[in-house]
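# Structure assessment
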Amino acid sequence: MNNVDFANKAINIAKNYKTLYVLGCFGAPLNASNKKRYTTNLDYNKQSSRKTKINNASSDTFGFDCVCLIKGILWGWKGDKNHTYGGATYCSNGVPDVGSDAIMNYCTNVTTNFNNVQIGEILHMSGHVGIYIGNGLAVECSPKWEDGVQITAVGNIGKKTGYNTRTWVNHGKLKYINYTLTSSSYAYYPKYTGNSVSIVDILKLLNIDSSFSNRKSIAKLNGINNYSGTADQNEKLVELIKKGKLIKK
């Protein structure tokens with residue numbers, strides 16, 4: 001998995017799925033059996049207020065904690081509400097089950113200098129981790145603020161209007177990610193300002209290959225996996241290109 005794919009998978013979860021902070025949970029849908037599992041396994045989840053939140057969550061809500069978000073993505077999470085762990089397979093792809101501090105032992109180039117932090121790097125402070133997604137933003141899962149997977153500003157770079165701000169201690173490159181795309185190569189397709197709602201027509205108007213295979217590649221890069229050309233998937237692509245935020249290599 002390259003670094004932009006990794007970041008986009010995190011963005012996709014933050015933007016397109018209902019989530020709730022559940023300690024020790026790496027993407028399980030909060031159905032009846034999983035609610036019972038997670039409200040009886042750890043003291044944090046057993047707390048009255050947390051237990052109530054878990055039990056009140058809809059069955060299409062997925063549970064994560066900060067490091068389990070990272071592990072869940074690396075273990076193949078797919079947003080499958082019919083799978084015990086949302087499609088993730090525990091300890092798969094050679095990625096071990098480690099905590100939020102220990103995961104930094106699996107990172108290289110760990111530094112406290114945030115001047116050149118790269119997309120897909122792990123952001124860390126004591127007891128907490130997140131994923132840098134570019135443009136001074138991170139994806140993290142926290143009981144603070146939105147109480148789930150959310151996009152926040154990286155305070156080490158600067159505050160951003162509309163985002164809560166977290167200041168981190170250090171960051172590093174996770175050994176399971178290929179950091180092949182640098183910030184300089186992280187570019188967007190031209191912003192579309194017309195009235196069309198068809199992604200095929202918009203791409204044609206912008207002289208971009210509108211074939212299914214290319215749309216599938218674009219969709220994957222923008223965090224839309226298993227692209228099949230559904231109306232919902234195409235609407236997401238249209239929304240991104242109208243904002244000037246449709247990523248290209």
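The following refers to the structure shown. (Residues numbered from 1 in each chain as written. Predicted model: local features only at pLDDT ≥ 70, side-chain atom pairs only at ≥ 80, totals over all residues. Heavy atoms only, no water.)

### Points about the sheet that holds strand 9 (residues 165-166)
The strand order 4-10-5-6-7-8-9 describes an open sheet built from seven strands, whose pairing is mixed. The sheet is open, and its two borders are formed by strand 4 (107-111) and strand 9, each paired with just one other strand. When strand 7 (residues 137-142) meets strand 8 (residues 148-154), the two strands line up antiparallel, connected through six bridges. The residue bridging leucine 137 from the neighbouring strand is alanine 153, located in strand 8. Lying over the sheet, helix 5 (residues 66-74) contacts strand 5 (122-125), strand 6 (128-134), strand 7, strand 8 and strand 10 (170-174), oriented at roughly 55° with respect to strand 6. (Pairing = 2+ DSSP bridges. Helix = DSSP H or I, 4+ residues; strand = E, 2+ residues; numbered from the N terminus. Contact = heavy atoms within 4.5 Å. Axes fitted to C-alpha atoms, helices over the stretch in contact; angles between N-to-C directions.)

### Observations regarding helix 5
Within helix 5, nine of the nine residues are buried, which leaves it mostly tucked inside the rest of the structure. The complete set of buried residues in helix 5 reads Cys66, Val67, Cys68, Leu69, Ile70, Lys71, Gly72, Ile73 and Leu74. For helix 5, the N-terminal cap is aspartate 65; the gap from its side-chain oxygen to the backbone nitrogen of valine 67 is 3.3 Å. (Buried < 20%, exposed > 50% of the residue type's maximum accessible area, 1.4 Å probe, protein only. Polar contact = N/O pair within 3.5 Å; in protein donor to acceptor, adjacent residues only side chain to side chain.)

### Details of the nonpolar core
Nonpolar side chains tend toward joint burial in soluble globular proteins. Counting 42 residues, the largest nonpolar core has Ile70, Ile122, Val139 and Leu174 as the members making the most contacts within it. Every element with two or more residues in this core is listed here: helix 1 (3-16), strand 3 (61-64), helix 5, strand 6, strand 7 and strand 8. (Core = buried A, V, L, I, M, F, W, Y, C linked by side-chain atoms within 4.5 Å.)

### Quick word on the sheet that holds strand 3
Pairing in this open sheet of three strands is mixed, and the strands run 1-3-2 from one edge to the other. In this open sheet, the two edge strands, each paired with only one partner strand, are strand 1 (18-21) and strand 2 (26-29). Strand-to-strand twist across the sheet, computed as the mean angle between neighbouring axes with direction ignored, equals 35°.

### Examining the packing of aromatic side chains
The relative placement of two aromatic rings is captured by the distance of their centres and the angle of their planes. By the definition in use, this model includes 11 aromatic pairs. Taking 5.8 Å as the distance between ring centres and 80° as the angle between the ring planes, the aromatic pair formed by tyrosine 17 and phenylalanine 62 counts as edge-to-face. Taken as a pair, tyrosine 17 in the loop between helix 1 and strand 1 and phenylalanine 62 in strand 3 lie far apart in primary sequence, 45 residues in all. Exposure remark for tyrosine 17: the relative accessible area of 27% places this residue in the partly exposed category. Each residue in the set Tyr17, Phe62, Phe64 and Trp77 is aromatic and connected to the rest through ring pairs, giving one cluster. In this arrangement the basic side chain of arginine 166 is found over the ring face of tryptophan 168, its NZ or CZ atom lying 5.8 Å from the centre. Note that lysine 173 overlies the ring of tyrosine 179, its terminal NZ or CZ placed 6.0 Å from the centroid. (Phe/Tyr/Trp six-rings, centres within 6.5 Å; stacked < 30°, edge-to-face > 60°. Lys NZ or Arg CZ within 6 Å of the ring centre and 35° of its normal.)

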